[in-house]
Amino acid sequence: MAALVRRRAEQRALRRAADGQRTEYLAFSLAGEIYAVEIHSIGEILKPPPITEVPRAASSIIGVVSVRGRLVTVIDLRKRFGVKDAPIGHLTRILLVDKGDEKLGLLVDEVLQVYRLTENEIEPANVLGGDQPAHIHGIGRPKEGTGRPDFGSLLVLLDLRPILDG
Amino acid sequence: MAEHGGGGRGDLGDKAREEFFSEAQELIDGLGRDLLAVDAVAKGGRTDPELINDVFRAVHTLKGLAGLFGATLMSGLSHELEDVLDDLRLGRLEMSPAVLDLLFRAVELYAQILAAERGDRPDEPGADVKALLHALGQVSQRREGGGVSPVAQYELDPGLLGVLTEYEEYRLRTNIAQGVSLFRIRVQFRLDTIDSALDELKARARPHGEIITYLPTGEGGDADSIELEILLASHASLSVLEAALGGSYAAIEEVQRRGARSKPPPPPISAVDEQEGEPFGDMTGAVPAITGETSSFPQAVPIPESKAGELPLPVVWGREPPTTGTTSTAPSEVPPPIPDFARISRGRPTDVDDILKSMPPPIPPVEKQPSYPPGAAVGGGGREMSLRSVSQTVRVDIRKLDHLMNIVGELAIVRTSLAKLSDKVRARPEARGLANELYRLHRVFERNLAQMQNGILEVRMVPLGQAFDKLARIVRQISREHDKQVNLVVTGAETEIDKLIVEELSDPLMHMIRNAIDHGIEPREERMRVGKPTVGTIALNAFQKGNHVVIEVEDDGAGMNTQVLINSAVRRGLLTREQAMELAPHEILGLVFLPGFTTRGEATDLSGRGVGMDIVKTNISRMGGIIDISSEVGIGTKMTITLPITLAVISVLVIEIVGRTYAIPLASVEEAIVFDERDVRAVEDREVMNQRGRTLPICRLWKLFGLTHEGPPPPKRFVVIAAVGNRKLGFVVDRLVGQQDIVIKALGKSLSHVRGFAGATELGDQRVALVLDVAALVEEVLSGDGERLLEGRGAGALEMRTEGRLGDGRARA
């Protein structure tokens with residue numbers, strides 16, 4: 001047992017040394033797709049508290065919540081991406097992101113795992129064809145096991161800026 | 001929230017810089033107040049050297065501060081100002097309106113430089129400063145030569161004259177030129193108390209005149225005491241001075257004029273002086289004069305010798321004011337009530353007002369100077385020198401108060417939960433003892449929390465005078481630029497309001513006053529033609545009304561001509577002639593709040609660019625306030641702003657609509673009554689109901705908010721009657737939940753375009769409830785026409801209303 005732990009630690013150290021430039025991405029699922037955003041842009045992952053809807057707000061704004069006394073506007077990513085609504089379930093999470101002048105929450109179906117991608121594991125968005133939405137900045141193809149074979153291993157890497165501004 | 005907690009431990013450099021900003025800001029504000037006082041005195045045809053000295057000191061301090069923080073533009077400006085002020089106080093330069101203009105301009109530029117330093121403005125007003133420096137330079141070159149010295153007329157010791165500083169000499173000359181008598185006072189001081197004793201003497205002398213200088217006589221003293229000769233210029237008679245200065249320890253004599261009979265004395269010399277002019281014509285300064293007037297007065301003062309180690313008697317100028325020794329003064333010579341200067345100069349915060357009042361001729365009631373809380377008096381403060389700080393105040397960043405208020409808000413949530421818990425426990429008969437204890441604790445907690453909340457709120461309150469001061473400057477400047485004479489009459493400057501509101505009020509009020517001068521007050525000839533006083537009046541009134549503060553800006557100008565308003569609006573395409581026909585009178589006046597509205601064909605420097613009133617309205621609405629106009633042609637215009645006293649904590653009525661919880665600020669709730677569908681009538685496309693014989697427009701909030709009832713509507717509904725200004729509206733709601741004090745928080749930027757909500761709050765169970773913006777909703781529902789016009793044009797100004805409610809430094813920071 002002790003030997004096993006040691007070997008794992010050695011492997012990890014080796015891998016880190018071989019890494020060079022790796023970027024950490026947080027992967028989440030939304031309507032059957034796997035998306036990933038750079039992890040440093042995510043402040044916190046929350047279980048959704050009761051959400052208060054704001055009448056007459058943009059349809060993609062699902063409402064406001066209070067996070068330790070601070071108001072956070074929650075955006076429903078399903079609506080923002082124009083896919084079908086889904087009820088909030090026990091796996092639903094809110095990703096807290098900082099937009100500079102305010103904190104926003106992004107409602108996602110499920111948070112999956114963190115991927116550490118090297119440059120050559122990332123393909124630019126134009127591999128999907130010419131007309132890609134601005135919020136997709138690339139495709140991630142992690143070479144290591146995803147741990148979730150059911151989703152395959154293709155990550156849509158998101159650029160949050162256009163999503164938050166939109 | 002955590003970021004506020006860290007505020008105290010911030011980088012020292014930043015903290016020092018913050019201090020610099022607030023100190024410089026205070027100095028600049030104080031400078032403005034001092035200049036207004038100088039202006040007021042100058043209008044009376046005089047100058048007060050002390051006031052100019054105050055201005056000089058403020059500028060000097062600013063220069064030092066600016067140097068310390070590398071604000072070169074500011075220190076450069078200060079340097080040049082110092083030169084001009086020095087000339088002014090030395091009398092080399094006359095205090096003319098033109099010079100005052102430059103000084104006021106400097107205050108403005110100071111503020112701009114400071115804003116730039118702080119990063120609130122993109123650029124420093126370099127070019128403007130350069131222009132001002134040039135103007136100041138020209139002014140200093142036009143200084144007058146020294147006047148012919150009338151000093152020689154007086155029996156003054158040449159030795160004394162020889163050691164006068166330039167300033168003292170100038171003051172001496174000025175006083176003589178004004179026909180003020182000179183007095184020589186000899187006083188013995190104990191060396192160990194001389195500082196305080198001298199200050200006290202100065203304080204007592206000040207109401208009566210000006211101390212030109214004081215010098216040791218070199219006689220009469222021993223090792224522990226010293227005799228000073230004080231030269232005092234005063235209008236008062238000898239006996240009055242004797243009484244005022246506390247008598248027996250001071251020997252006073254009047255300095256005689258050489259050959260007094262040959263030269264007629266300048267007018268205001270008192271009769272007493274005349275009688276005594278002759279017999280002591282060749283007295284020298286060293287020997288005190290004994291006149292008929294002073295003979296009842298022990299003059300060669302025997303100072304009790306006090307040897308070291310002995311119990312010191314209150315030898316000279318003790319702390320207690322003299323209670324005897326004034327009896328020799330004939331009652332008829334007691335001057336009219338003299339302001340208690342000892343009190344003022346004892347180092348307590350001083351009202352500019354008091355100083356003004358103390359000057360002999362009454363100051364024309366141009367600008368009423370508000371009173372300030374301790375510590376706010378800058379420059380105008382204590383005249384005494386003391387290292388001991390005058391103020392007992394501390395400066396606090398308002399964000400720290402916001403942070404505290406946030407904590408109070410969270411505690412309020414705890415309190416609500418406690419109350420619920422207490423109720424639950426009480427429902428159990430077996431736990432009665434526990435329940436009672438819990439209940440008691442809850443009550444104590446509740447009471448202390450309420451006190452704490454009030455305490456923090458009180459700290460946030462500042463007098464409106466802080467905003468009004470700047471306006472007095474603006475009025476002076478604009479009325480001069482525009483060649484209209486305008487009197488600003490201020491009442492209620494002491495009315496207190498939340499600090500954040502005061503800050504946000506300055507600009508709207510400035511716009512309103514600019515408008516009043518430019519559009520309201522008629523040109524002089526026109527005023528004469530219609531028989532109005534040539535000097536126009538703008539009244540700035542503030543008073544508290546319940547939970548609100550009302551501010552009125554009223555002018556006695558031409559008033560607004562509704563036809564002109566309509567024509568201008570139509571010409572600018574803001575509405576069609578047909579739409580205009582349907583407007584009610586007050587709606588016509590409301591046209592001035594539309595973006596792009598102006599009655600001017602061409603923009604002037606002052607106004608008429610069509611920006612202004614819409615921004616005024618937006619800013620006021622953002623603070624949860626409303627603005628109303630009333631106007632009568634030929635009589636004048638009155639704009640009334642109604643604002644909440646504080647933005648931090650408000651009482652709300654919690655209601656439910658279609659299962660959603662909302663909060664309505666209680667300040668705008670008049671009452672809640674049971675709703676009866678049968679009372680509702682439709683007038684045009686609006687619903688109204690009968691409220692005790694009055695017609696009340698109603699609004700079904702769920703319709704407005706686009707919510708639909710699932711299942712049957714509730715059997716019983718309520719109407720919450722909201723009143724904003726003089727407009728009323730009934731909101732139909734499903735359920736009244738109760739009343740609660742809440743801390744209101746701003747909605748995020750991405751919700752800024754959503755109308756009708758002032759913010760949100762937590763109600764205790766982690767749920768967020770939206771707080772209705774009653775003013776905006778009333779506006780939206782009742783003044784639908786104007787708003788729809790705006791929406792059609794896609795104008796953003798009015799939509800900004802709900803953005804970042806001021807109440808919320810917390811959420812913004």
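Residues numbered from 1 in each chain as written. Chains lettered and ligands numbered in written order. Predicted model: local features only at pLDDT ≥ 70, side-chain atom pairs only at ≥ 80, totals over all residues. Heavy atoms only, no water.

Chemist: Provide a residue-level description of the overall build of chain A, including the pertinent values.
Modeler: The number of helices and strands found in chain A is three helices and eleven strands. Taken from N to C terminus, the helices and strands of chain A fall in the order α-β-β-β-β-β-α-β-β-β-β-β-β-α. Taking the contacts inside chain A whose residues are at least 6 apart along the sequence as the reference set, 55% of them involve residues at least 24 apart. Per element, the accessible surface of chain A, about 8,900 Å² overall, is 51% carbon and sulfur. (Helix = DSSP H or I, 4+ residues; strand = E, 2+ residues; numbered from the N terminus. Contact = heavy atoms within 4.5 Å. Areas by Shrake-Rupley, 256 points an atom, 1.4 Å probe, with all protein chains shown as cover.)

Chemist: An account of the overall build of chain B is needed here, citing residue identities and associated values.
Modeler: Looking only at helices and strands, chain B features 26 helices and 22 strands. Across the 813 residues of chain B, 50% fall into the buried class. If you sum the accessible surface of chain B, you get close to 38,000 Å²; carbon and sulfur atoms cover 54% of it. (Buried < 20%, exposed > 50% of the residue type's maximum accessible area, 1.4 Å probe, protein only.)

Chemist: Break down the pairing of strand E21 (residues 757–762) of chain B for me, with residues and values.
Modeler: Residue and element names in this part refer to chain B. Here E21 lies mainly inside the structure; six of its six residues are buried. Taken together, the five bridges between E21 and strand E22 (residues 768–772) define a ladder with antiparallel strand orientation. Bridge assignment links threonine 761 to a residue of E22, and that residue is alanine 769. (Pairing = 2+ DSSP bridges.)

Chemist: Outline the interface of chain B and chain A, supporting the account with residue identities and numerical values.
Modeler: On the side of chain A, 22 residues touch chain B, which itself brings 30 residues to the contact. When the two sides are added together, the surface that chain B and chain A hide from each other amounts to roughly 2,100 Å², 54% of it contributed by carbon and sulfur. Of all residues in chain B, Ser750(B), Leu751(B) and Val768(B) bury the most surface against chain A, accounting for 25% of the area lost on that side. Applying the counting criterion to the chain B and chain A interface returns two salt bridges. Put simply, Glu53(A) and Arg660(B) hold a salt bridge, and the shortest N to O gap is 2.3 Å. On inspection of chain B and its partner chain A, the count reaches seven residue pairs in polar contact (both at pLDDT 80 or more). Counting only elements with at least two residues in the side of chain B that touches chain A, the list comes to strand E13 (660–665), E21, E22 and helix H24 (774–782) of chain B. Broken down by element, the side of chain B that touches chain A gets its largest block of residues, three residues, from E21(B). Per-class residue counts for the side of chain B that touches chain A are 16 nonpolar, five polar and nine charged. (Buried area = accessible area lost by both parts, 1.4 Å probe. Salt bridge = Lys/Arg side-chain N within 4 Å of Asp/Glu carboxyl O. Polar contact = N/O pair within 3.5 Å; in protein donor to acceptor, adjacent residues only side chain to side chain. Nonpolar A, V, L, I, M, F, W, Y, C, P; charged D, E, K, R; others polar.)

Chemist: Lay out the packing of helix H5 (residues 97–118) of chain B against helix H16 (residues 465–481) of chain B with the relevant residues and their values.
Modeler: Angle between the axes and distance between the axes: these two values describe a pair of packed helices. Residue and element names in this part refer to chain B. In contact at an axis separation of 11 Å, H5 and H16 are set at 130 degrees when each is read in the N-to-C sense. It follows that H5 is oblique to H16 by the angle criterion. Read as a crossing pair, H5 and H16 show a hand that is left-handed. On H16, the residues that touch Pro97, Ala98, Leu100, Asp101, Phe104, Val107 and Glu108 of H5 are Arg473, Arg476, Gln477 and Arg480. (Axes fitted to C-alpha atoms, helices over the stretch in contact; angles between N-to-C directions. Parallel < 35°, antiparallel > 145°, perpendicular 65-115°, else oblique. Left-handed = near helix turned anticlockwise from the far one by under 90°.)

Chemist: Please give an account of the pairing of E22(B) that cites residues and values.
Modeler: Residues and elements named next belong to chain B. Here E22 lies mainly inside the structure; five of its five residues are buried. When E13 meets E22, the two strands line up parallel, connected through two bridges. By the bridge assignment for E22, tyrosine 662 is matched with leucine 770.

Chemist: Any chance you could break down unusual backbone geometry for me, citing the residues and the numbers?
Modeler: Notably, Ala31(A) is not glycine yet its phi reads approximately 45 degrees, a positive angle. Of note, Ala31(A) is situated in the loop between strand E1 (22–30) and strand E2 (33–38). The backbone phi angle of Arg692(B) is positive, close to 45 degrees, even though this residue is not glycine.

Chemist: Pulling in residues and values, what's your account of the sheet that holds strand E8 (residues 536–545) of chain B?
Modeler: Residue and element names in this part refer to chain B. Taken in spatial order, the five strands make up an open sheet running E6-E8-E9-E11-E10, and their pairing is mixed. Across the chains shown, the open sheet's two edge strands, defined by having one partner strand only, are strand E6 (486–491) and strand E10 (626–632). For this sheet, the mean angle separating the axes of adjacent strands, direction not counted, is 15 degrees. Of the pairings in the sheet, the one linking E6 to E8 comprises six bridges and is parallel in character. From the neighbouring strand, threonine 491 faces E8, where its bridge partner is asparagine 541. Against the sheet, H16 makes contact with E6, E8 and strand E9 (548–555), and its axis sits at roughly 170 degrees relative to E6, the strand it touches most.

Chemist: Could you give an account of the pattern of salt bridges, with specific residues and numbers?
Modeler: It is possible for side chains of opposite charge to pair when their charged atoms get near one another. Residue and element names in this part refer to chain B. Tallied over the entire structure, the rule returns 36 salt bridges over all chains. A salt bridge links aspartate 734 to arginine 717, with the shortest nitrogen-to-oxygen separation between them at 3.1 Å. Separated by 17 residues along the polypeptide, aspartate 734 in the loop between strand E19 (727–733) and strand E20 (735–743) and arginine 717 in strand E18 (residues 717–724) bring together distant segments of the chain. Each member of the pair, aspartate 734 as well as arginine 717, carries the same accessibility label: buried. Bridged by salt links that share partners, the residues Asp39, Asp101, Arg476 and Arg480 form one connected network.

Chemist: Requested: an account of the packing of aromatic side chains, with residues and values cited.
Modeler: Under the criterion given, the structure shown has five aromatic pairs over all chains. With centroids separated by 5.2 Å and ring planes inclined at 40 degrees, the aromatic side chains of Tyr35(A) and Phe81(A) adopt a geometry described as tilted. A residue pair is termed long-range when its members are at least 10 positions apart, and Tyr35(A) in strand E2 and Phe81(A) in the loop between helix H2 (77–80) and strand E6 (93–98) qualify at 46 residues. Both residues of the pair, Tyr35(A) and Phe81(A), belong to the buried class. Between Tyr662(B) and Phe757(B) the ring centres are 6.3 Å apart and the planes differ by 20 degrees, which places this aromatic pair in the stacked class. Within this pair, whereas Tyr662(B) is found in strand E13, its partner Phe757(B) is found in strand E21, the two being separated by 95 residues in sequence. For Tyr662(B), a relative accessible area of 1% gives the class buried. By relative accessible area, Phe757(B) is classed as buried at 0%. (Phe/Tyr/Trp six-rings, centres within 6.5 Å; stacked < 30°, edge-to-face > 60°.)

Chemist: Lay out the sheet that holds strand E10 (residues 136–140) of chain A with the relevant residues and their values.
Modeler: Residues and elements named next belong to chain A. Strand order in the open sheet formed by six strands is E8-E1-E2-E11-E10-E9, with mixed pairing between adjacent strands. Two strands in the sheet have a free side with no partner beyond their single neighbour: strand E8 (110–118) and strand E9 (122–124). Each adjacent strand pair in this sheet contributes to an overall mean axis angle of 35 degrees, direction not counted. Examined bridge by bridge, E10 and strand E11 (residues 155–158) share four bridges and lie antiparallel to one another. The residue bridging isoleucine 139 from the neighbouring strand is valine 156, located in E11.

Chemist: Quick one: what's the story with the nonpolar core, residue by residue and with numbers?
Modeler: Residues and elements named next belong to chain B. One finds Phe468, Leu505, Leu509, Leu540 and Ile551 to be the most contacted residues of the largest nonpolar core, which totals 100 residues. Those residues within four positions of leucine 509 in sequence are excluded, and the remaining contacts are Phe468, Leu471, Leu540, Ile551, Val553 and Ile641. Ranked by size, the runner-up nonpolar core spans 48 residues in total, among them Ile626, Cys699, Phe757 and Ala775. (Core = buried A, V, L, I, M, F, W, Y, C linked by side-chain atoms within 4.5 Å.)

Chemist: Describe the side chain of Glu780(B), naming the residues involved and giving the relevant values.
Modeler: Of note, Glu780(B) is situated in helix H24. Taking the relative accessible area as the measure of exposure, Glu780(B) reaches 16% and is therefore buried. At 2.7 Å, the side chain of Glu780(B) forms a polar contact with the side chain of Arg56(A).

Chemist: Summarise helix H22 (residues 613–622) of chain B; cite the residues concerned and give the values.
Modeler: Among the ten residues of H22(B), nine are classified as buried, and the element is accordingly described as predominantly covered. Every buried residue of H22(B) is listed here: Met613(B), Asp614(B), Val616(B), Lys617(B), Thr618(B), Asn619(B), Ile620(B), Ser621(B) and Arg622(B).

Chemist: How would you summarise a negative patch on the surface if you had to cite specific residues and measurements?
Modeler: Taken together, the side chains of Glu578(B), Glu582(B), Glu684(B) and Asp685(B) present a region of like negative charge at the surface. With respect to the helices and strands, the residue Glu578(B) is situated in helix H20 (residues 577–581). (Patch = residues over 30% accessible without salt bridge, like charges linked within 9 Å, V, L, I, M, F, W, Y side chains within 5 Å. Lys, Arg positive; Asp, Glu negative; His and termini not counted. Charge placed at Lys NZ, Arg CZ, Asp CG, Glu CD.)

Chemist: Explain the packing of helix H3 (residues 49–68) of chain B against helix H4 (residues 72–89) of chain B to me, and be specific about the residues and the numbers.
Modeler: Residues and elements named next belong to chain B. One can describe the packing of H3 onto H4 by two numbers: an axis separation of 9 Å at closest approach and a directional angle of 160 degrees. Accordingly, the angle class assigned to the pair H3 and H4 is roughly antiparallel. At the point where H3 passes H4, the crossing takes the left-handed sense. In this structure, H3 contributes Ile52, Asn53, Val55, Phe56, Val59, His60, Leu62, Lys63, Ala66 and Gly67 to the contact, and H4 contributes Met74, Ser75, Ser78, His79, Leu81, Glu82, Leu85, Asp86, Leu88 and Arg89.

Chemist: Give me the lowdown on the confidence of the model for chain B, citing residues and values where you can.
Modeler: Residue and element names in this part refer to chain B. The pLDDT averaged across chain B works out to 72; a share of 71% of its residues lies at or above 70. Below a pLDDT of 50 lies the segment residues 1–12, which in the model reaches 14 contacts outside its immediate sequence neighbourhood of four places, other chains included. For the stretch residues 602–610, pLDDT sits under 50, and the model shows 20 contacts to residues farther than four places along the chain or on other chains. (pLDDT = per-residue confidence, 0-100.)

Chemist: Explain the environment of Leu51(B) to me, using residue names and the numbers behind them.
Modeler: Residue and element names in this part refer to chain B. Inspection of the secondary structure assignment puts leucine 51 in helix H3. On the accessibility criterion, leucine 51 (3% relative accessible area) is buried. Taking the C-alpha atoms as reference points, leucine 51 and valine 41, ten residues apart in sequence, are found 9.4 Å from one another.

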